[in-house]
Amino acid sequence: SLTLGIVGLPNVGKSTLFNALTRNDVLAANYPFATIEPNVGVVPLPDPRLNKLAEIFGSERLVPAVVSFVDIAGIVKGASEGAGLGNKFLANIREADAICQVVRVFADDDVIHVDGKVDPLSDIEVIETELILADLQTLEKAVVRLEKEAKVKKDRKPVADAAKQAQEILNSGKTLFAARTQVDTELLKELSLLTIKPFLYVFNADESILTDEAKKAELKAAVAPADAVFLDAKVEAELLELDDESALELLESIGQTEPGLHALARAGFHTLGLQTYLTAGPKEARAWTIHQGDTAPKAAGVIHTDFERGFIKAEIVAFTDLVEAGSMAAAKAAGKVRMEGKDYVMADGDVVEFRFNV
Ligand code: GDP
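Residues numbered from 1 in each chain as written. Predicted model: local features only at pLDDT ≥ 70, side-chain atom pairs only at ≥ 80, totals over all residues.

Going by an unreviewed UniProt entry, the protein chain carries the name Ribosome-binding ATPase YchF and comes from Nocardia terrae. For the record of the protein chain, the UniProt heading Sequence similarities (unreviewed entry) holds the text "Belongs to the TRAFAC class OBG-HflX-like GTPase superfamily. OBG GTPase family. YchF/OLA1 subfamily." Heading Cofactor (unreviewed entry) of the UniProt record for the protein chain holds this comment: "Mg(2+)". (UniProt positions renumbered as here; feature names shortened; annotations may be inferred.)

This is the structure we're talking about:
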């Protein structure tokens, strides 16, 4: 499954956040046979629609979709210079599907900042620079090779050109993700570049920032088009120890209405280009993870490969239509249930039953 790699400067709250990510029991509860790597944290994607479906179908349990975060420990500054640990750090990032950078915005004189002061945008630049330098090294070798290949094989020319274009972008200090509309990123895929991956920023903040909408808007704008999440990692860890009522009180005391991990799960899901569709029956109400743009057979394949191979059609009702009708039978009577074929592109919130041959 797709993962977000957590990176950040030392002392910004990565371990604190990661501990909060690993301390939920969603995986253990729903996937008892899954092996969980020690450096992987799995968070459920909050989805109130499942509760509603469980009401309608009398489902015994709810199974939410999940988002996986990988803790990428290691040095940051100087990583692109290729010292042993730096190489390992970059190799781990290469394996992740998106980059989740934790950035310190909290003020705390007891926690030392590696650069002496809390400056989120400068911290972001430090990490981006290492990744940009690593990509430039990759490209330096690749461009020489690609230009040779382009001389004998015409179809390699566009790849060579895209690689040279990528060099220009990176030399101007931009990541390929930020400049993704300026270069054909599909052509660059074979080069496993780092800054082409989608970015997500987690601003580890205290109450003064969490309640400062202007400051948050400013940071958000600075990292766009990447997603930004604001949370207090220390509070997130504490929340998991509390019952629902006390947790809500603690959140309200810092001006929040929901745990930051919920927002993080949603942003992670979005950054990875994922979406869900829903199934429901007496046994379970469940959200299934697919890519944005997936067709019905592809979506069926997430449940079982046989479902994809033997796909006939999908019986689909939009979640809101189903809720409005109150039951599957009523939705059918109201003409809200559609039969979709193999070319149908799934929409978020589709409630689905697949028909297939075995
Ligand atoms: P890492 O080096 O990025 O993994 O950072 P840690 O998670 O180990 O955090 C470094 C220090 O900052 C620890 O003493 C944490 O308790 C503290 N810390 C982490 N998050 C917060 C926060 O949101 N607010 C405050 N005040 N301290 C925090």
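That shown, we press on.
Some remarks on the overall build of the protein chain
From N to C terminus, the protein chain includes 16 helices and 12 strands. Relative to the globule expectation of 21 Å for 358 residues, the C-alpha radius of gyration of the protein chain, 23 Å, shows essentially globular dimensions. Principal-axis analysis of the C-alpha atoms places the extent of the protein chain at approximately 65 × 60 × 40 Å. Counting the 358 residues in the protein chain, one finds 37% classified as buried. Looking at the protein chain alone, contacts between residues at least 24 apart form 67% of all its contacts between residues at least 6 apart. (Helix = DSSP H or I, 4+ residues; strand = E, 2+ residues; numbered from the N terminus. Rg over C-alpha atoms; globule rule 2.2 N^0.38 Å. Buried ≥ 20, exposed ≤ 12 C-beta atoms within 10 Å, placed from the backbone. Contact = placed C-beta atoms within 7 Å.)

Some remarks on the domain arrangement of the protein chain
The domain boundaries assigned to the protein chain delineate domain 1 (1-47 + 66-274) and domain 2 (293-356). Each of domain 1 and domain 2 was reduced to a C-alpha centroid, and the two centroids are 34 Å apart. (Domains from an automatic or database assignment.)

Overview of the UniProt feature "coiled-coil region" (unreviewed entry) in the protein chain
Under the feature "coiled-coil region" (unreviewed entry), the UniProt entry names residues 129-156. Note that residues 129-156 is 86% helix and 0% strand, and that its end C-alpha atoms are spaced 29 Å apart.

Quick word on the environment of Lys215
Take Lys215: it is sitting in helix α9 (residues 213-223). For Lys215, a count of 16 C-beta atoms within 10 Å translates into the label partly exposed. Taking C-alpha positions, Lys215 is 17 Å from Pro225, a pair spaced 10 residues apart along the chain.

Observations concerning the site of the ligand
Near the ligand, the surroundings consist of 16 residues, among which Gly13, Lys14, Ser15, Thr16 and Asp108 are the closest. Of all the secondary structure elements, the ones that give two or more residues to the shell around the ligand are α1 (14-22) and α10 (233-239). (Near = placed C-beta within 6 Å.)

Concerning the nonpolar core
Soluble globular proteins: nonpolar side chains tend toward being buried together. Ile6, Leu200, Val202 and Phe203 are the most contacted members of the largest nonpolar core, which has 87 residues in total. Ranked by residue count, the leading element in this core is helix α5 (residues 120-152), at 8 residues. When residues are assigned to domains, this core turns out to be shared by domain 1 (1-47 + 66-274) and domain 2 (293-356), each giving three or more. Beyond its immediate stretch of four places on either side in the chain, Ile6 contacts Lys14, Phe18, Phe69, Val70, Asp71, Ile72, Cys100 and Val102. (Core = buried A, V, L, I, M, F, W, Y, C linked by C-beta atoms within 7 Å.)

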